[in-house]
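Observations on the three-dimensional arrangement
So you can see what is in the structure, the chains are spelled out below.
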Amino acid sequence: MHFKHPEILYFLFALIVPILVHLFQLRRFKKEYFTNVRFLKALSIQTRKSSKIKKWLLLACRLLVLTFVIIAFAQPFYESKDSKNANNELYIILDNSFSMQAKGKKGELLKRAVQELLEETPENVNFSLLTASENFWNTDIKSIRNSLQNLKYSATPFELDNIMAKLKAHKSAFKKDIVIITDSIGIDKKNLKNIDLDNNIHFIIPKAVLKNNIAIDSVYIHKTVDQFYEIGVQLSTYGDKFDPTPISLYNNKTLIAKTTVTLDSPKKTINFTIPKQAFHGYVSISDKGLSYDNVLYFSISKAKKTNVISIGEAVKNNFLSRIYTAEEFNFISTTLSALDYNKLEEQDAIVLNELDEIPQALITTLKSFVEKGGNLIVIPSASCSISNLNLLATNFGNLKFNTLENTEKQITKINFNHPIYNSVFEKKVANFQYPKTKKTFTLSSSYPSALSYEDQSIFLTSTNNPIGKVAVFAAPISIENSNFQQSPLIVPTFYKMAMYNHNNGITALTIGNNNPHITETILNKDAILNVKGVEEQFIPTQQILNNKVKMSFGDYPEQAGNFAVFNKKEWVENISFNYGRTESDLTPATENILSEYKNFESIKSLFNTLQTDRTDNQIWKWFVIFALLFLFTEMAIIRFVK
């Protein structure tokens, strides 16, 4: 037992006062003799005995009353079980990612968590609250009531390690109580490595009742037929036993197609046919799971011809003229000696077709061309020196030509996940007519290969730069060295390589993805592009690249939707933004990884536990009660005991 004011205990010496008074009352009586009456003598002896007992009882009561009063003023208490953490600072991390849209027993998980915070957080408690999108430092529940009630879901996924890094950077002389309110979606051991175990970590994990969910993953142009696009919509399902789901396609706000899809597999693709013209709308579904991934916005620009130039001998350029037809391309074939360098900046793609020597001036121009968003396709010549090829290749990342091998090789492997072949094939081809080469360079690259030889060496690879792409073959593909031109792969390969970043495809950007977007427009030096939507507009980071503008959006916009790019009041192009689909799977992390931390069922139980464990047990009230009890006992003795 401890005392808040132990110096008051010195007043216990005052207990000697009632003892002295009592002793004076027990002094010997003087004997007086009178008539010898035996009865009166016996009565006197009995009265003296009862009086002596009464006085001892009164003395005990008075001593106890004084003792309890003095101890009560000294304020005794028992120290709390967790007293060392009584002065900890409180930090609350609230997951407001889209997975918290899931329905719990009492509604949406995030809304219920906010309501509990508002109802159960003591008004006199100071804390800091952090979410994926907002931070409230050193505040109280009254100050942020309105902000919490209006808290929106964040397009940024819940990344616990990033938020913990913010807390660690927030220096404090005190230890921290960190309360993490999350459904644990996306939390793994990697996220927990950065947690400082010197602090007290408390998890509150609200659980979803319904974990089935359907998400629209992507929209792409499956094929182009005459005057129509056939677009594919890919759905993903998480869970089991789904009812037939309606899916609708809108251009602006006009419904142009609707169907019902039976979801009998984890991945499902639905095709729609639309006119080959500009499109600015969305596709939507209706399900009982999360709502944020039920809509995917996308735009298709009005078809523009792609500018392609091939630098090489006219005979070797003939096969490209059959791929880059006049309907979709402005194709130019030129020799190196007749090349007009001024025309290179106007191109969308440049093909270096088996040049025996690549001049330094051309290398410098091509480097600038790629940096400004152009696509470069390199087909090496067996007569070109390795050093000359590497002088070009080293400008575009980890690419290197090694020795020239005079060995016939077959091209046997297609990387169907590579951007060149993504969405080209309806199904993976296991057996096809293998093209071959007679001579090939050994090519080393840190980038994945699109096509590989039978010995797993690279035949075709490309850089993964977010702006301009560089595709590199390991061997010449002229008919003297290879039959690749007769392969069915030739058309989709060169078509996709030329169309990288070209706006004839679907534009469906992801919020928070920092990949830049190239807009084909000419700006003055002082002009800027701005992006406007129905409820939101912003100015992106931008860089002028000749007749193009590179835009980066960061974490903007805040809400998904269809937007338009403007140069002042002049419309430039349509563009669409969507939320990332990382929160669609409602299967939580394994609970075992959180077992070493304290888990609570609700915010109320957390605060009750902290209050109980960290509050001293004040017992001075009991001493006041005992003092009053013995005071009443003393009064009763005086009144009723003779």
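Note that this is a predicted model, so its numbers are computed, not measured.

As a further point, take a nonpolar patch on the surface. Among the surface-exposed residues, Ile16, Val17, Ile19, Leu20, Val21, Leu23 and Phe24 lie close enough to one another that they form a single nonpolar patch of about 650 Å² accessible area. Tracing the chain through its elements places leucine 23 in helix α1 (residues 16-25).

As a further point, take the packing of helix α8 (residues 360-371) against helix α9 (residues 386-393). At a minimum axis distance of 9 Å, the contact between α8 and α9 shows a crossing angle of 25 degrees. Considering the angle they form, α8 stands roughly parallel to α9. Like other packed secondary-structure pairs, α8 and α9 cross with a definite hand, here right-handed. Mapping the contact onto sequence places Gln360, Ile363 and Leu366 in α8 and Asn388, Leu391 and Leu392 in α9.

Across the sheet, five strands lie side by side as β29-β36-β35-β31-β32; this open sheet has mixed pairing. Every interior strand has two partners, whereas the edge strands, β29 (509-510) and β32 (537-538), have only one. Relative to strand β36 (residues 570-578), β29 is paired through two bridges, and the arrangement is parallel. The partner of leucine 509 across the bridge, within β36, is phenylalanine 577.

Counting 48 residues, the largest nonpolar core has Ile92, Leu94, Leu129, Leu148, Ile181, Val531 and Phe577 as the members making the most contacts within it. Not counting residues up to four positions away in its chain, the partners in contact with leucine 129 are Ile92, Leu117, Glu134, Asn135, Phe136, Ile144 and Leu148. In terms of nonpolar packing, the next biggest core, distinct from the first, is built from 32 residues, Ala450, Leu451, Ile477 and Phe484 among them.

Let us look at unusual backbone geometry. Each neighbour pair has its own omega, and for tyrosine 556 with proline 557 the value is -5 degrees, a cis peptide bond. Tracing the backbone shows proline 557 in the loop between β34 (548-552) and β35 (561-567). Located in the positive-phi region is asparagine 138, a residue other than glycine, with phi close to 50 degrees. Mapped onto the elements of the fold, asparagine 138 is located in strand β7 (residues 135-139).

Another point: the sheet that holds strand β37 (residues 598-600). With mixed pairing, six strands are arranged side by side in an open sheet as β7-β6-β3-β8-β9-β37. The two strands at the open ends of the sheet, each matched to only one other strand, are β7 and β37. Pairs of neighbouring strands in the sheet enclose a mean axial angle of 20 degrees, with direction left out of account. As paired strands, strand β8 (residues 176-181) and strand β9 (residues 200-204) are joined by five bridges and run parallel to one another. Each residue of the ladder has a partner; that of aspartate 177, found in β9, is asparagine 200. Each of β3 (89-94), β6 (127-130) and β8 is contacted by helix α3 (residues 109-120), which is oriented at about 155 degrees to β3, the strand it contacts most. Along the sheet, helix α5 (residues 160-169) makes contact with β3, β6, β7, β8 and β9, crossing β3 at roughly 155 degrees.

Our next topic: helix α7 (residues 314-323). Of the residues making up α7, those classed as buried are Asn317, Phe319, Leu320 and Ile323. Relative to the axis of α7, the buried residues are bounded by an arc of 140 degrees and lie together on one face. α7 presents Val315 and Arg322 as exposed residues on the side facing more than 90 degrees away from its buried surface. Against the buried residues of α7 lie β17 (306-311), β18 (329-334), β19 (349-353) and α10 (490-498).

What follows deals with the environment of isoleucine 309. Looking at where isoleucine 309 falls in the secondary structure, it is placed in strand β17. Residue classification places isoleucine 309 among the buried residues on the basis of a relative accessible area of 2%. Spatially, the C-alpha atom of isoleucine 309 lies 9.8 Å from that of tyrosine 324, the residues being 15 residues apart in sequence. When near neighbours in sequence (up to four residues on either side) are disregarded, isoleucine 309 contacts Ile332, Thr334, Leu339, Leu344, Gln347, Ala349, Ile350 and Val351.

To continue, consider α8. Between its terminal C-alpha atoms α8 stretches 17 Å, which fits the 16 Å expected from twelve residues at 1.5 Å a residue. Those residues of α8 that sit buried are Leu362, Ile363, Leu366, Phe369 and Val370. Along α8, the residues classed as buried sweep out an arc of 125 degrees about the axis, all on the same side. Next to the buried residues of α8 lie β17, β19, β20 (375-379), α9 and β27 (470-473). Just past α8, the residue glycine 373 takes up positive phi, approximately 105 degrees.

Tallied over the full model, the rule gives 26 aromatic pairs. Between phenylalanine 563 and phenylalanine 577, the aromatic rings sit 5.5 Å apart at their centres with planes inclined by 90 degrees, giving edge-to-face as the arrangement. In this pair, phenylalanine 563 is assigned in strand β35 and phenylalanine 577 in strand β36, connecting sequence segments 14 residues apart. This pair shows no difference in class: phenylalanine 563 is buried, exactly as phenylalanine 577 is.

The next point concerns the pattern of salt bridges. Taken as a whole, this structure holds eight salt bridges when the rule is applied. In this structure, glutamate 354 engages lysine 316 in a salt bridge whose closest nitrogen and oxygen atoms are separated by 3.1 Å. With a gap of 38 residues between them, glutamate 354 in the loop between β19 and α8 and lysine 316 in helix α7 connect regions that are remote in the sequence. The class of glutamate 354 is buried, set by a relative accessible area of 6%. Note that aspartate 455 is salt-bridged to lysine 409, the shortest N-O span being 3.0 Å. One end of the pair, aspartate 455, is in the loop between β25 (449-453) and β26 (458-462); the other, lysine 409, is in strand β22 (residues 409-414), with 46 residues separating them in the sequence. Taking the relative accessible area as the measure of exposure, aspartate 455 reaches 44% and is therefore partly exposed. Where salt bridges share partners, they join Glu405, Lys409 and Asp455 into one cluster.

Procedures and definitions
Positions within a chain are numbered from 1, following the residues in the order the chain's sequence is written. It should be noted that, the model being predicted, local features are given only for residues of pLDDT at least 70 and side-chain atom pairs only at 80 or more, the latter also being counted only at that level, while totals for whole chains, interfaces and linings use all residues. Calculated side-chain values reflect all of the structure's heavy atoms, with hydrogen atoms and water omitted. Nonpolar side chains (Val, Leu, Ile, Met, Phe, Trp, Tyr) within 5 Å and like charges within 9 Å form the patches, drawn only from residues with over 30% relative accessible area and no salt bridge. Surface exposure here means Shrake-Rupley accessible area, sampled with a 1.4 Å probe, where a residue is shielded only by the protein chains that are shown. Here a salt bridge means any side-chain nitrogen of Lys or Arg lying within 4 Å of a carboxyl oxygen belonging to Asp or Glu. In this text, helices come from DSSP runs of H or I with a minimum length of four residues, and strands from runs of E with a minimum of two, each type numbered from the N-terminal end. Helix axes use the C-alpha atoms of the stretch in contact, all axes being lines fitted to C-alpha atoms, and the angles between their N-to-C directions lie in the range 0 to 180 degrees. Should an angle lie under 35 degrees it is considered roughly parallel, over 145 roughly antiparallel, and from 65 to 115 roughly perpendicular; all remaining angles are considered oblique. Should the near helix be turned anticlockwise from the far one by less than a right angle, the crossing is termed left-handed; should it be turned clockwise, right-handed. We call two residues in contact whenever any of their non-hydrogen atoms come within 4.5 Å of each other. Two strands qualify as a pair provided DSSP detects at least 2 bridges between them. The definition of a nonpolar core used throughout is a set of buried Ala, Val, Leu, Ile, Met, Phe, Trp, Tyr and Cys residues joined through side-chain atoms within 4.5 Å. Burial status follows relative accessibility: with a 1.4 Å probe on protein chains alone, a residue under 20% of its type maximum counts as buried, one over 50% as exposed, and anything between as partly exposed. Relevant arc is that of directions from the helix axis to the C-beta atoms, nothing else. Helix span, as expected, comes to 1.5 Å for every residue beyond the first. Stacked, tilted and edge-to-face are the three classes applied to pairs of Phe, Tyr and Trp rings, where Trp contributes its six-membered ring and a pair requires centres within 6.5 Å; stacked means planes under 30 degrees apart, edge-to-face means over 60, and tilted covers the rest.

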